Amino acid sequence: MVVAFANLKGGVGKSFLALHFSEWLRRAGRPVILAELDTQQSLAQLHEVSGSVSVPLTNYVTEPEGGGWCIVDTPPYISTGVYETLRNNTDGIIIPCRAALPDILAAIEVRKALGAAATKAALVLNAVRHAPAHIAEMSAALQTVGLPIFETIIYDRTAYTRGLSTPGLVWNTGDLKAISELESLFSEIVEFLSIKHG
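Rules and cut-offs
Residues numbered from 1 in each chain as written. Predicted model: local features only at pLDDT ≥ 70, side-chain atom pairs only at ≥ 80, totals over all residues. Heavy atoms only, no water. Helix = DSSP H or I, 4+ residues; strand = E, 2+ residues; numbered from the N terminus. Rg over C-alpha atoms; globule rule 2.2 N^0.38 Å. Buried < 20%, exposed > 50% of the residue type's maximum accessible area, 1.4 Å probe, protein only. Areas by Shrake-Rupley, 256 points an atom, 1.4 Å probe, with all protein chains shown as cover. Expected span 1.5 Å × (residues − 1). Contact = heavy atoms within 4.5 Å. Arc of directions from axis to C-beta. Salt bridge = Lys/Arg side-chain N within 4 Å of Asp/Glu carboxyl O. Lys, Arg positive; Asp, Glu negative; His and termini not counted. Polar contact = N/O pair within 3.5 Å; in protein donor to acceptor, adjacent residues only side chain to side chain. Core = buried A, V, L, I, M, F, W, Y, C linked by side-chain atoms within 4.5 Å. Pairing = 2+ DSSP bridges.

Novice: Any chance you could explain the overall build of the protein chain here in plain terms?
Specialist: Helix and strand content of the protein chain: seven helices and six strands. Across the protein chain, helices and strands are ordered from the amino to the carboxyl terminus as β-α-β-α-β-β-α-β-α-β-α-α-α. Scaling as 2.2 N^0.38, a compact globule of 198 residues should have a C-alpha radius of gyration of about 16 Å, and the protein chain matches this with 15 Å. Sorting the 198 residues of the protein chain into buried and exposed places 56% on the buried side. Here the protein chain displays about 8,600 Å² of accessible surface, and carbon together with sulfur accounts for 53% of that area.

Put into structure tokens, the structure is as follows:
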């Protein structure tokens, strides 16, 4: 199963979510690798800093032996070649968005560029501040993208920042809300993919 985290905008949490999703899969006993397509090497840097993450890192998209998972981190300003990879070589595309209009506009452009492959894409609100009225407004704006939206919202928590420099990532921060949010989102992603691929 190949899953890419993509958006045209930087700073939306693609690398963060890709790293944590791969670690969650590894902890569940699933074979997993990380594919770094971002020339900024954000994922490689996070992988290095986090200490105890034992997920292999590569710079190309491939499925591990035995039907495992390949989690792909994409660059901002996605090139034609990366779009081809997303359209032809992935089983799912997760588009993280912060609760801000530029992120939503970028997500709309990603959906358009994916064309028919947009049927395997879904959105997640990431790094959101606790402001219910703003969240409701941005959730409504996300509806205009025309893609499914995961129920789980990833809030802006100190544990996420701390977790990047903690061996074991967020799971070793002790922040049960942060852990619960990520695990809920990742369960939703797996369910979304299982529905898409029977």
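What follows continues from the structure just given.
Novice: Got a minute to help me understand helix α4 (residues 101-114) in this structure?
Specialist: In an α-helix, one full turn covers 3.6 residues, which means residues spaced three or four apart are oriented alike. For α4, which comprises 14 residues, the first-to-last C-alpha distance of 20 Å matches the rise-based estimate of 20 Å (1.5 Å per residue) to within 8%. On its buried face, α4 sits against α3 (80-89), β5 (92-97), β6 (121-125) and α5 (132-142). Looking one or two places after α4, you find glycine 115, whose phi comes out positive at around 60°.

Novice: Looking at this structure, I do not really get α5. What am I missing?
Specialist: Turning to α5, its buried residues number three or more, namely Ile135, Met138, Ala141 and Leu142. Seen from one end, α5 has its buried residues packed into an arc of 125°, which puts them on one side. Every exposed residue of α5 that faces more than 90 degrees away from the buried side is listed here: Pro132 and Ala133. The secondary structure elements touched by the buried residues of α5 are β5, α4 and β6.

Novice: I tried to follow the environment of alanine 6 on my own but got confused; where do I start?
Specialist: Mapped onto the secondary structure, alanine 6 falls in the loop between β1 (2-5) and α1 (14-27). A relative accessible area of 0% means that alanine 6 is categorised as buried. Excluding residues within four positions of it along the chain, alanine 6 makes contact with Lys14, Thr74, Ile78, Leu86, Ile93, Ile94, Ile95 and Pro96.

Novice: How do you make sense of the pattern of salt bridges when you look at a structure like this?
Specialist: One pass over the full model with this rule turns up seven salt bridges. Between glutamate 181 and arginine 157 there is a salt bridge, with the nearest N and O atoms lying 2.6 Å from each other. With glutamate 181 in helix α7 (residues 176-196) and arginine 157 in the loop between α5 and α6 (158-163), the pair connects residues that are 24 residues apart, well separated along the chain. As far as the burial class goes, glutamate 181 and arginine 157 line up, both buried. Shared partners join several salt bridges into a network, and the residues in it are Glu23, Arg26 and Arg27.

Novice: Where do I start with the side chain of lysine 14 in this structure?
Specialist: Looking at where lysine 14 falls in the secondary structure, it is placed in helix α1. One buried charged side chain, lysine 14, makes no salt bridge at all; its nearest oppositely charged neighbour is aspartate 73, positioned 5.8 Å away. Here lysine 9 takes part through its backbone oxygen, which lies 3.0 Å from a polar atom of the side chain of lysine 14. Those residues in contact with lysine 14 that lie beyond four places of it in its chain are Phe5, Ala6, Asn7, Lys9, Asp73, Thr74, Pro75, Pro76 and Pro96.

Novice: Can you walk me through the side chain of threonine 58 in this structure?
Specialist: You can see threonine 58 is positioned in strand β3 (residues 57-58). With relative accessibility at 14%, the residue threonine 58 sits in the buried group. Those residues in contact with threonine 58 that lie beyond four places of it in its chain are Ile33, Leu34, Ala35 and Glu36.

Novice: Would you explain the nonpolar core in this entry?
Specialist: A general trend in soluble globular proteins is that nonpolar side chains are found buried together. Residues Phe5, Phe21, Trp69, Ile71, Phe186 and Ile189 are the most contacted members of the largest nonpolar core, which totals 36 residues. Elements with a contribution of two residues or more to this core: β1, α1, β2 (32-36), α2 (42-49), β4 (69-73), β6, α6 and α7. It is α7 that provides the largest number of residues to this core, a total of nine residues. Ignoring anything within four residues of it in the chain, the contact list for phenylalanine 186 reads Leu17, His20, Phe21, Trp24 and Trp171. Counting 34 residues, the second-largest nonpolar core is a separate cluster that includes Val2, Val72, Tyr83 and Leu114.

Novice: Sorry, what's going on with the pairing of β2 here?
Specialist: The side chains of a regular strand alternate, residue by residue, between the two faces of the sheet. Where burial is concerned, most of β2 is hidden: five out of the five residues are buried. Burial along β2 is two-sided: Val32, Leu34 and Glu36 facing one way and Ile33 and Ala35 facing the other are all buried. Strand direction decides the pairing type here: β2 and β4, joined by five bridges, are parallel. Its bridge partner lying in β4, leucine 34 is registered against isoleucine 71. The sheet contact formed by β2 and β3 spans two bridges and is parallel. Counted as the bridge partner of leucine 34 is leucine 57 from β3.

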